[in-house]
Amino acid sequence: MANRLMFLPLVVFILFPVSFITTYTMAIANGHVNPFFSYISDTGTISPESCWFALLLNITAIALGSVVYIRYKQIEEYFSEKSSVWMGRMNTLAMILGIFSSFGVSVVGAFQETNVLTVHVLGAFMAFLGGAFYLIFQAFFTFKMLPMFTNRFIAIVRMIIGISCVILFTVTYTAGVFSFKGFQGKNAVKWERSEPNWGLRALSVSCEWIMAALFDLYILSFMLDFSKITFKSPQVQLYV
């Protein structure tokens, strides 16, 4: 699979916005959401866009999980000759967080907020918060593996993005909870500017979209790392 591995992060980078733009466009066209300041999940909770939301996010989750696994094997190989038990354990923990986040993406798509809110919110925590900590772990490994795969600038940018995503998630969740406490409308998916806590709603939604964009850009940066590794397909042996 030579340097074709470098295109896998690009696939994830494309799939995320394609998923969101597709459902957003459909939701707007069907009049299901307000064109401004709607959560990502709002645009994929009502049929028919909910069907595409689930399908596209499940495909994206598989691609993201593949990136997580290959990144795990890359780090494992780098530290294999250094006999670092501590780094090995941290790498395993990071992979668990990455798979946890990938599964969360699938959960968000499969359990829409207007159908099973509790599970949907749990999936959002897995995808965004678990993903944010995964990004921080990967920034740490980027520093540790300098200058083999990237440079210090990339490592610093990755750490900034990882920490920013933790902060953005906290603001998204906190502002979102407080905004709903003052909601007086009938349709929580389609907010109007006249609602008392519209400002908190706008803040929460904006932080979510920015967080998703930063996460996507971070994954794209793995193209630099993957361009310098190869991955051999598993061998199958027949016993007859």
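Residues numbered from 1 in each chain as written. Predicted model: local features only at pLDDT ≥ 70, side-chain atom pairs only at ≥ 80, totals over all residues. Heavy atoms only, no water.

Participant: Would you mind showing me how to read the layout of surface pockets here?
Facilitator: The rolling of a water-molecule-sized probe over the atoms marks out the regions of remaining empty space. Each pocket or cavity is described by its volume, and for the largest pocket that value is around 750 Å³. Ser-41, His-120, Val-121, Ala-124 and Glu-208 are, among the 35 residues lining the largest pocket, the residues nearest its centre. Elements with a minimum of two residues in the lining of the largest pocket: helix 1 (7-29), helix 2 (49-80), helix 3 (85-110), helix 4 (117-144), helix 5 (152-181) and helix 6 (198-220). With seven residues, helix 4 is the single largest residue contributor to the lining of the largest pocket. The calculated volume of the second largest pocket comes to roughly 210 Å³. Lining the second largest pocket, in full, are Leu-5, Ile-70, Lys-73, Gln-74, Glu-76, Glu-77, Tyr-78, Phe-149, Ile-229, Thr-230 and Phe-231. (1 Å grid on protein atoms, 1.4 Å probe; cavity = no way out; pocket = protein on both sides within 12 Å on 5 of 7 lines; lining within 4 Å. Points joined across faces, edges and corners; volume = space filled by probe spheres on them. Helix = DSSP H or I, 4+ residues; strand = E, 2+ residues; numbered from the N terminus.)

Participant: Before we go on, may I ask you to explain the packing of aromatic side chains in this structure?
Facilitator: To describe a pair of aromatic rings, you give the distance between the ring centres and the angle between the ring planes. Scanning all chains against the criterion turns up 19 aromatic pairs. Relative to Trp-209, the ring of Tyr-24 has its centre 6.4 Å away and its plane inclined at 80°; by these criteria the two rings are edge-to-face. With Tyr-24 in helix 1 and Trp-209 in helix 6, this residue pair connects regions lying 185 residues apart in the sequence. With a relative accessible area of 27%, Tyr-24 lands in the partly exposed category. The class for Trp-209 is partly exposed, based on a relative accessible area of 29%. Above the face of the Tyr-218 ring, Arg-158 is positioned so that its terminal group lies 5.8 Å from the ring centre. (Phe/Tyr/Trp six-rings, centres within 6.5 Å; stacked < 30°, edge-to-face > 60°. Buried < 20%, exposed > 50% of the residue type's maximum accessible area, 1.4 Å probe, protein only. Lys NZ or Arg CZ within 6 Å of the ring centre and 35° of its normal.)

Participant: I tried to follow the pattern of salt bridges on my own but got confused; where do I start?
Facilitator: Between side chains of opposite charge, a pair can form when the charged atoms approach closely. One pass over the structure, following the stated rule, counts four salt bridges. Linking Asp-42 and Arg-201 is a salt bridge whose minimum nitrogen-to-oxygen distance equals 2.8 Å. One end of the pair, Asp-42, is in the loop between helix 1 and helix 2; the other, Arg-201, is in helix 6, and 159 residues separate them in sequence. Like Arg-201, Asp-42 is buried. In this structure, the salt-bridge partner of Arg-158 is Asp-225, at a minimum N-O distance of 2.5 Å. Taken together, the positions of Arg-158 in helix 5 and Asp-225 in helix 7 (residues 222-226) put the pair 67 residues apart, joining distant regions of the chain. The residues Arg-158 and Asp-225 share a single accessibility class, namely buried. Here the salt bridges do not stand alone but share partners, grouping Arg-71, Arg-158 and Asp-225 into one network. (Salt bridge = Lys/Arg side-chain N within 4 Å of Asp/Glu carboxyl O.)

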